[in-house]
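Next come the chains, spelled out residue by residue.
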Protein chains: 2
Amino acid sequence: MNILVTLNSNYLKPLKVMLTSLFLNNDDESFTIYLMHSSIKQEEIQRIDQFINEHGSQLVEVHVDDTHFNEAPVLLHYTKEMYYRLLACKFLPPRLDRILYLDPDILVINSVRQLYQLDMEEYLFAAAYHDKISVKEINKLRLTPYEIDVYYNSGVLLMNLELQRQTIDEKIIYEFVEKNRARLIMPDQDILNALYAKKIKALDETIYNYDARFYNYYKLKSSGKCDMDFIIHNTVFLHFCGKKKPWQKNYSGKFHSLYKHYEKLALG
Amino acid sequence: MNILVTLNSNYLKPLKVMLTSLFLNNDDESFTIYLMHSSIKQEEIQRIDQFINEHGSQLVEVHVDDTHFNEAPVLLHYTKEMYYRLLACKFLPPRLDRILYLDPDILVINSVRQLYQLDMEEYLFAAAYHDKISVKEINKLRLTPYEIDVYYNSGVLLMNLELQRQTIDEKIIYEFVEKNRARLIMPDQDILNALYAKKIKALDETIYNYDARFYNYYKLKSSGKCDMDFIIHNTVFLHFCGKKKPWQKNYSGKFHSLYKHYEKLALG
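Keep in mind it's a predicted model, so treat the numbers as computed, not measured.

> An account of the overall build of chain A is needed here, citing residue identities and associated values.
Along its length, chain A carries 12 helices and 10 strands. Radius of gyration (C-alpha) of chain A: 18 Å, near the 18 Å computed for a compact globule of 268 residues. Its C-alpha atoms give chain A principal-axis dimensions of about 45 × 45 × 40 Å. Taking all 268 residues of chain A together, the buried fraction comes to 57%. In chain A, of all internal contacts separated by at least 6 residues, the share reaching a separation of at least 24 is 79%. Surface summary for chain A: the accessible area is close to 12200 Å², and the carbon and sulfur share equals 48%. Charge centroids of chain A, computed over 33 positive and 35 negative side chains, lie 6 Å from each other.

In structure tokens form, the structure reads like this:
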């Protein structure tokens, strides 16, 4: 199975935690991890390569150098890395037909096999949207002219690479960014939603992109079905969305102890 | 290493979870699990035996039949099983010099080696007391004539079996129970404290008997030192004290997700 991650040195520790949880809960699978980056040092790459090999999987480095994204507009506080997951199809080997992108602030706590084998039909991506009404309303307002019904989270993206290569045009993306500079808050996610929402196959967020901040909300909304037992047995991706991260001091949350457990397994 | 558990059929599932956490976090050790009981069915014993064997350890059944505890007084709501951990030294093979008793509502999340090798000097037990002032005051009042300074928790007990065989007298225990019938709330724990408090070597509760209900209290009391990171790396026994148990519906607590994680590993 192909996994895509795009990050810089600051996220190498969370990456190892995420990968540890992926490997431990998918121990009958072998993964090829594509690491798309521009600035990670070779000795760090070697360490992560060794780590992945020890778990029976392999690393493929996708180095993005200065010759790329020359025409891409940049935004205050954001680097060109914001384009990586949207344009990954242009950088990955042409023989790859699909890949699963994962944010590093995720724990993978069950098998990814069923998602990976999803029939993607004519969709470019599969992703989950977070259905908390307040979030939805805010995002709808902000991107109003683009008429989106739901706001997909870009932390888990199953990519139909074959179709993406034929469809995704960097010029259209750059144009959109130029026009909406002031309005973009989470640039890659905003672009994904504004330009491709109708080409995204919707996944169940409680299974494939569970927002770890909202335990009580999910439980209430599901009339109690989505409780801790359900999550531990069914949720595949537990996503630590938001500013407060479980590897930081003074984090607090329902999945803190579980995160630290995997962190210890990953980092000692 | 010798581990003692005393329980009935209702606790076989939590027992498997506790043992799974013990085995996974002590994978270089081999254990002999002494299961002291009076009512567990042979087919259940066989299943637990197989489970323990699969993890490279072994089970020894210590069956207590009707001929025992004839003179022991019983209390409303409590059975003779309340005496098991206090009188285990009389039932275990005479060659055993020490054993570690563990409640089934515990997760073992780090190595038990250092505790097991503790110098017991002339103490009968090693145990931790829970230092929350309110609890302490209440217990002191209740058992006042016995002059105890602290109230030890009986969920984790390292036992000096050799010395116990010479010292512990069931008649004194039975006498104490007769005299204090009305006053006993948690009988075995009350007896332990009233009769043997001065023969108990005190252990650090944050390491050896962390009360999972009181995360914020421990963190505050330690000026932040005893945070989630510290616990995951240092605490050996995470004890789910109190009425609400993490295997029950609608439990809620800081270690809920971690418990359910081990529960899935143990029970599927």
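> Lay out the pattern of salt bridges in plain terms, naming residues and giving numbers.
Summed over all chains, the structure comprises 22 salt bridges over all chains. For Lys260(A), the salt bridge goes to Glu263(A), with nearest N and O atoms at 2.8 Å. With Lys260(A) and Glu263(A) both in helix H12 (residues 256-267) and 3 residues apart, this pair spans about one turn of that helix. Lys201(B) serves as the salt-bridge partner of Glu121(B), at 2.5 Å between the closest nitrogen and oxygen. In this pair, Glu121(B) sits in the loop between helix H4 (113-116) and strand S6 (125-128) while Lys201(B) sits in strand S8 (residues 200-203), placing the two residues 80 residues apart along the sequence.

> Quick one: what's the story with the environment of Phe69(B), residue by residue and with numbers?
Residue and element names in this part refer to chain B. Tracing the backbone through its elements, the reader meets Phe 69 in the loop between strand S3 (58-63) and helix H3 (84-87). According to the relative accessible area criterion, Phe 69 is buried, its value standing at 8%. The spatial distance from the C-alpha of Phe 69 to the C-alpha of Gln 189 is 18 Å, given a sequence separation of 120 residues. Apart from residues lying up to four places away in sequence, Phe 69 is in contact with Val 64, Lys 80, Tyr 83, Tyr 84, Leu 87, Phe 91 and Tyr 174.

> Kindly report on the relation of the copies chain A and chain B, identifying the contributing residues and their values.
It takes a turn of 180° to lay chain A on chain B, together with a shift of 0.0 Å along the axis; the resulting RMSD is 0.0 Å. Considering both components of the superposition, the chain copies are consistent with a two-fold axis. Relative to the rotation axis, the closest C-alpha in chain A is found at Leu258(A), a distance of 2.4 Å. Comparing interface residues between copies, 96% of those in chain A also sit at the interface in chain B, which points to an isologous, same-surface contact.

> Tell me about the sheet that holds strand S10 (residues 237-239) of chain A, and name the residues and values.
All names here are of chain A. Taken in spatial order, the 3 strands make up an open sheet running S5-S10-S9, and their pairing is mixed. At either end of the open sheet lies a strand with only one pairing partner, and these are strand S5 (106-108) and strand S9 (210-211). Of the strand pairs in this sheet, S5 and S10 are connected by 3 bridges, and their pairing is antiparallel. The partner of Leu 107 across the bridge, within S10, is Leu 238.

> Quick one: what's the story with the environment of Ile3(B), residue by residue and with numbers?
All names here are of chain B. Tracing the backbone through its elements, the reader meets Ile 3 in strand S1 (residues 2-6). Given a relative accessible area of 0%, Ile 3 falls into the buried group. Ignoring sequence-local partners within four residues, the contact set of Ile 3 consists of Leu 22, Phe 31, Thr 32, Ile 33, Tyr 34, Ile 99, Leu 100 and Leu 102.

> I'd love a proper account of the interface of chain A and chain B, names of residues and values included.
If you look at the interface, chain A gives 25 residues, while chain B gives 24 residues. Together, Ser257(A), His261(A) and Lys264(A) form the three largest contributors to the area buried by chain A at its contact with chain B, with a combined 26%. In this assembly, chain A and chain B are joined by 4 salt bridges. Here Lys260(B) makes a salt bridge to Asp229(A), at a shortest N to O gap of 2.9 Å.

> Quick one: what's the story with the packing of aromatic side chains, residue by residue and with numbers?
This structure, assessed with the given rule, holds 34 aromatic pairs over all chains. Ring centres 5.3 Å apart and planes at 75° place the aromatic pair Phe240(A) and Tyr259(A) in the edge-to-face group. One end of the pair, Phe240(A), is in the loop between S10 and H12; the other, Tyr259(A), is in helix H12, and 19 residues separate them in sequence. Ring centres of Tyr208(B) and Phe237(B) lie 6.3 Å apart, and the angle between their planes is 45°; this geometry places the pair in the tilted category. Here Tyr208(B), found in helix H9 (residues 205-208), pairs with Phe237(B), found in strand S10 (residues 237-239); they are 29 residues apart in sequence, far enough to count as distant. Assigned by exposure class, Tyr208(B) and Phe237(B) land together as buried. Here the aromatic cluster, defined as three or more aromatic residues joined through ring pairs, consists of Tyr210(A), Phe214(A), Tyr215(A), Tyr217(A), Tyr218(A) and Phe255(A).

> Could you give me a rundown of the environment of Asp65(A), with the residues and numbers involved?
All names here are of chain A. The residue Asp 65 is located in the loop between strand S3 (58-63) and helix H3 (84-87) in this model. Linking Asp 65 and Asn 53, residues 12 residues apart in sequence, is a C-alpha distance of 25 Å. Within the local environment of Asp 65, its side chain forms a polar contact with the side chain of Thr 67, the two groups lying 2.5 Å apart.

> Quick rundown of the packing of helix H1 (residues 12-24) of chain A against helix H2 (residues 42-54) of chain A? Include the residues and the values.
Residues and elements named next belong to chain A. The contact between H1 and H2 brings their axes to 11 Å, and the two run at 15°. Our classification of the angle between H1 and H2 gives roughly parallel. You can see that H1 and H2 cross each other, and the crossing is right-handed. Residue-level inspection shows Leu 12, Leu 15, Lys 16, Leu 19, Thr 20 and Phe 23 of H1 in contact with H2, the latter providing Glu 44, Ile 48, Phe 51 and Ile 52. Of the residues contributing to the contact of H1 with H2, the split by class is 7 nonpolar, 1 polar and 2 charged.

> Explain the pairing of S6(B) residue by residue, including any values.
All names here are of chain B. Both faces of S6 are covered, namely the face carrying Phe 125 and Ala 127 and the face carrying Ala 126 and Ala 128. Here S6 pairs with strand S7 (residues 156-160) via 2 bridges, running antiparallel. For Ala 126, the partnering residue across the bridge sits in S7 and is Leu 158. Looking at chain direction, S6 and S8 are connected through 4 bridges and run parallel. Looking at S8, one finds that Ala 127 is bridged to Ala 202.

Conventions adopted
Residues numbered from 1 in each chain as written. Chains lettered and ligands numbered in written order. Predicted model: local features only at pLDDT ≥ 70, side-chain atom pairs only at ≥ 80, totals over all residues. Heavy atoms only, no water. Helix = DSSP H or I, 4+ residues; strand = E, 2+ residues; numbered from the N terminus. Rg over C-alpha atoms; globule rule 2.2 N^0.38 Å. Buried < 20%, exposed > 50% of the residue type's maximum accessible area, 1.4 Å probe, protein only. Contact = heavy atoms within 4.5 Å. Areas by Shrake-Rupley, 256 points an atom, 1.4 Å probe, with all protein chains shown as cover. Lys, Arg positive; Asp, Glu negative; His and termini not counted. Charge placed at Lys NZ, Arg CZ, Asp CG, Glu CD. Salt bridge = Lys/Arg side-chain N within 4 Å of Asp/Glu carboxyl O. Least-squares fit on C-alpha atoms with pLDDT ≥ 70 in both. Pairing = 2+ DSSP bridges. Buried area = accessible area lost by both parts, 1.4 Å probe. Phe/Tyr/Trp six-rings, centres within 6.5 Å; stacked < 30°, edge-to-face > 60°. Polar contact = N/O pair within 3.5 Å; in protein donor to acceptor, adjacent residues only side chain to side chain. Axes fitted to C-alpha atoms, helices over the stretch in contact; angles between N-to-C directions. Parallel < 35°, antiparallel > 145°, perpendicular 65-115°, else oblique. Left-handed = near helix turned anticlockwise from the far one by under 90°. Nonpolar A, V, L, I, M, F, W, Y, C, P; charged D, E, K, R; others polar.

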